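A look at the structure
Chain by chain, the residues:
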Amino acid sequence: MKRDNRMSASQSLISGGVAGVFSRTATSPLDVVKIVTQVGTFHSKRGFLNAFHTVYREEGLRAFWKGNYVACIRIVPYSAVQLATYNRFIQLHMDDLGRVSQWRAIVAGSVAGIVAALVIYPSDVIKTRLIVQNSLDPAYRGVLHALRCIYKKEGFLALYRGASLTVMGAVPFSCGSFLVYMNLDKLWGEPSFRFTPLQNFINGCLAAGVAQTISFPFETVKRKMQAQSPVLPHYGGVDVHFTGMVDCFRQVVKAQGFLGLWNGLTANLLKIVPYFGLMFSSFEFCKRVCLYKNGYIVSPLSYQLAPGVDQSLGPQELRELRRLLRNRSFKSEQSTVSNRW
């Protein structure tokens, strides 16, 4: 989602947060099924489609939104840290004309994602624990209770269990993204500056699908490490028991074969299109509302530009200009009245 200088930084952050909350909430059932399949809880023993039925039968409809609250509240701080890191990294790699190569832009995005993920990593651990637990007989009563229990019973480092896999998974993720973006011209048979919004949306979904598929084994092991706990029933429901990251890889391959590292990929790929579609559409709606409030467009239902408004001005500049014009108009009216008397 490109930055629009007609919106303030807070408006951009809020719009991104609203879009993220809406899209994540709408696709939460797929996320729940993906995570229970990655962890290997009993819900996923009979396949992807049966996992939906098992979750519903055992815990009810509300179970499809387990962990959604913590997933939503982490969106704004994650976005803020990611944006700040990305902007800083981009500034360091700009040439004299202010341009950045595509490869460096992708690396900047990956580094920003790593930093943001590490900063709020404990919330990801808590989200995984809330999803894999039985919501009818929960070990954790909420976000704060989960945080307190993990810290007291397992120690501070338990909140960062599997964090190194976030860094390791960023390498294949970046390579996958770069592989797609380097071949987009060949895919569409035209230069990138001519891509339509629909083509850019398809490009984003395709890049996300390829990148996530390549880096998925790292996320699978990360989820298992986050979920496994000696203080939870059945060790958190993890299908293999392990002593560390390398042993987790070994045990998964030994028990389920090499393809076991991609358990949950189907739900993840099915989530990409609706997630990005809802995120972009809701962000665009929030953007229109902000532009209408700032006075750049005539209605929040379209992008029709307001007549006589300089679209190159920033929100603060436009407000100051309007204030100046109002003061001039008021002084002019005062002068007219005094001349009459």
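Residues numbered from 1 in each chain as written. Predicted model: local features only at pLDDT ≥ 70, side-chain atom pairs only at ≥ 80, totals over all residues. Heavy atoms only, no water.

You'll find the protein chain entered in an unreviewed UniProt entry as Solute carrier family 25 member 43-like isoform X1, with Huso huso given as the organism. Taken from UniProt, the Subcellular location (unreviewed entry) comment for the protein chain reads in full: "Membrane". Looking at the Sequence similarities (unreviewed entry) heading of the UniProt record, one finds this comment for the protein chain: "Belongs to the mitochondrial carrier (TC 2.A.29) family." (UniProt positions renumbered as here; feature names shortened; annotations may be inferred.)

So, helix H5 (residues 75-92)
Helix length check: H5, at 18 residues, gives a terminal C-alpha distance of 26 Å against a target of 26 Å (1.5 Å per residue), a fit within 8%. What H5 keeps buried is the set Ile-75, Thr-85, Phe-89 and Ile-90. On an axial view of H5, the arc spanned by its buried residues comes to 130 degrees, and they lie on one face. Where the residues of H5 are buried, they touch helix H1 (9-26), helix H4 (68-73) and helix H6 (102-119). (Helix = DSSP H or I, 4+ residues; strand = E, 2+ residues; numbered from the N terminus. Expected span 1.5 Å × (residues − 1). Buried < 20%, exposed > 50% of the residue type's maximum accessible area, 1.4 Å probe, protein only. Arc of directions from axis to C-beta. Contact = heavy atoms within 4.5 Å.)

Some thoughts on the environment of Ala-306
Take Ala-306: it is sitting in the loop between helix H13 (265-294) and helix H14 (315-340). In this structure, the C-alpha to C-alpha distance between Ala-306 and Tyr-296, residues 10 residues apart in sequence, is 5.4 Å. Ignoring sequence-local partners within four residues, the contact set of Ala-306 consists of Gly-295, Tyr-296, Ile-297, Val-298 and Gln-311.

Considerations on the UniProt feature "transmembrane region" (unreviewed entry) in the protein chain
Feature annotation in UniProt places "transmembrane region" (unreviewed entry) on residues 103-121, 158-181 and 201-218, given in this structure's numbering. What you have in residues 201-218 is 100% helix and 0% strand, and the ends, taken at the C-alpha atoms, are 26 Å apart.

Quick look at the nonpolar core
Ranked by internal contacts, the top residues of the largest apolar core, which has 16 residues, are Val-39, Val-221, Val-238 and Phe-242. Elements supplying a minimum of two residues to this core: helix H2 (28-39), helix H7 (121-132), helix H11 (197-227) and helix H12 (245-256). Per element, the largest residue contribution to this core is four residues, and it comes from H2. Membership of the second largest hydrophobic core comes to 13 residues, among which are Ala-146, Ile-150, Ala-158 and Leu-159. (Core = buried A, V, L, I, M, F, W, Y, C linked by side-chain atoms within 4.5 Å.)

Notes on the pattern of salt bridges
Summed over the entire model, instances satisfying the criterion amount to 13 salt bridges. The salt bridge partner of Asp-31 is Lys-34, with a shortest N-O separation of 3.5 Å. Placement of the pair is Asp-31 and Lys-34 together in helix H2, with a separation of three residues, close to one helical turn. Lys-34 shares its class with Asp-31; the two are buried. With a shortest N-O distance of 3.0 Å, Arg-129 and Glu-154 are connected by a salt bridge. Placement of Arg-129 in helix H7 and of Glu-154 in helix H8 (residues 143-154) is noted, with a sequence separation of 25 residues between them. Residue classification places Arg-129 among the buried residues on the basis of a relative accessible area of 0%. Of the residues examined, Glu-154 reaches a relative accessible area of 18% and is grouped as buried. (Salt bridge = Lys/Arg side-chain N within 4 Å of Asp/Glu carboxyl O.)

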